Amino acid sequence: MKWRLILFGLWLASLLAVVMALVMSLMQLLVGNRRAVRVFVGADQTLNAALGGSEDETISSRAGKGAKRGVWRYCLLCRLLDLVDPGHCDRSLEVDEGEPVLDK
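About the cut-offs
- Residues numbered from 1 in each chain as written.
- Predicted model: local features only at pLDDT ≥ 70, side-chain atom pairs only at ≥ 80, totals over all residues.
- Heavy atoms only, no water.
- pLDDT = per-residue confidence, 0-100.
- Helix = DSSP H or I, 4+ residues; strand = E, 2+ residues; numbered from the N terminus.
- Patch = residues over 30% accessible without salt bridge, like charges linked within 9 Å, V, L, I, M, F, W, Y side chains within 5 Å.
- Areas by Shrake-Rupley, 256 points an atom, 1.4 Å probe, with all protein chains shown as cover.
- Salt bridge = Lys/Arg side-chain N within 4 Å of Asp/Glu carboxyl O.
- Buried < 20%, exposed > 50% of the residue type's maximum accessible area, 1.4 Å probe, protein only.
- Polar contact = N/O pair within 3.5 Å; in protein donor to acceptor, adjacent residues only side chain to side chain.
- Disulfide = S-S within 2.5 Å.
- Expected span 1.5 Å × (residues − 1).
- Arc of directions from axis to C-beta.
- Contact = heavy atoms within 4.5 Å.
- Axes fitted to C-alpha atoms, helices over the stretch in contact; angles between N-to-C directions.
- Parallel < 35°, antiparallel > 145°, perpendicular 65-115°, else oblique.
- Left-handed = near helix turned anticlockwise from the far one by under 90°.
- Nonpolar A, V, L, I, M, F, W, Y, C, P; charged D, E, K, R; others polar.

Draft legend 1. Expanded view of the confidence of the model for the protein chain. For the protein chain, per-residue confidence averages 91 on the pLDDT scale, and 96% of positions sit at 70 or higher. Across the protein chain, the element-wise mean pLDDT spans from 90 in helix H2 (residues 35-50) up to 96 in helix H4 (residues 72-84).

Draft legend 2. Broad picture of a nonpolar patch on the surface. On the surface, a nonpolar cluster with roughly 770 Å² of combined accessible area is contributed by Phe8, Trp11, Leu12, Leu15, Val19, Val23, Met24 and Met27. In this fold, phenylalanine 8 is placed in helix H1 (residues 2-30).

Draft legend 3. Region of interest: the side chain of serine 54. Note on placement: serine 54 falls in the loop between H2 and helix H3 (59-68). For serine 54, a relative accessible area of 17% puts it in the buried group. Separated by 3.2 Å, the side chain of serine 54 and the backbone nitrogen of aspartate 56 make a polar contact.

Draft legend 4. Seen up close, the state of the cysteines. Summed over the entire model, instances satisfying the criterion amount to 1 disulfide. In this model cysteine 78 forms its disulfide with cysteine 89; the gap between the sulfur atoms is 2.3 Å. Disulfide cysteine 78-cysteine 89: the torsion about the S-S bond is -105°, which places it as left-handed. Taken as a pair, cysteine 78 in helix H4 and cysteine 89 in helix H5 (residues 88-92) lie far apart in primary sequence, 11 residues in all. In this structure, cysteine 78 and cysteine 89 share a single accessibility class: buried.

Draft legend 5. H4, seen in detail. Here H4 spans 19 Å end to end across 13 residues, near enough to the 18 Å set by a 1.5 Å rise per residue. Turning to H4, its buried residues are Tyr74, Cys75 and Cys78. Buried residues in H4, looked at end-on, bunch into an arc of 100°, giving them a common side. Counted as exposed and oriented over 90 degrees from the buried face of H4: Trp72, Arg79, Leu83 and Val84. Summarising the contacts, the buried residues of H4 are in contact with H3 and H5.

Draft legend 6. Examining the environment of lysine 65 more closely. Note that lysine 65 resides in helix H3. Taking C-alpha positions, lysine 65 is 7.6 Å from proline 100, a pair spaced 35 residues apart along the chain.

Draft legend 7. Expanded view of the packing of H3 against H4. Two numbers describe how H3 lies on H4: the axes approach to 8 Å, and their chain directions differ by 120°. With respect to H4, the element H3 is oriented oblique. Our pair here, H3 against H4, has a crossing hand that is left-handed. Seen from H3, the contacting residues are Ile59, Ser60, Arg62, Ala63, Gly64, Gly66 and Ala67; seen from H4, they are Tyr74, Cys75, Leu77, Cys78 and Leu81. Classifying every residue of the contact of H3 with H4 gives 8 nonpolar, 3 polar and 1 charged.

Here you go:
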């Protein structure tokens, strides 16, 4: 029970940190500071970790690696990202993070 209380406290602290980070990044975005991008990348990495990936890798990198392996959901995500930013997954590959790139 004590361990669950500790984890719940950590969850609350993390929630507060995320809210503060998003507020600060919004202010930086509004004044044109590129530091906001760092917060967005951190949120991307956090979501990737929550979904079972590496905490140091972005979802785009993970999707790019999965697309190279032919995993349909990653291929779909990369195609969707290509509509907004052509070649995004390929440029986002982080070979030193997460699962290794496996060429077909």
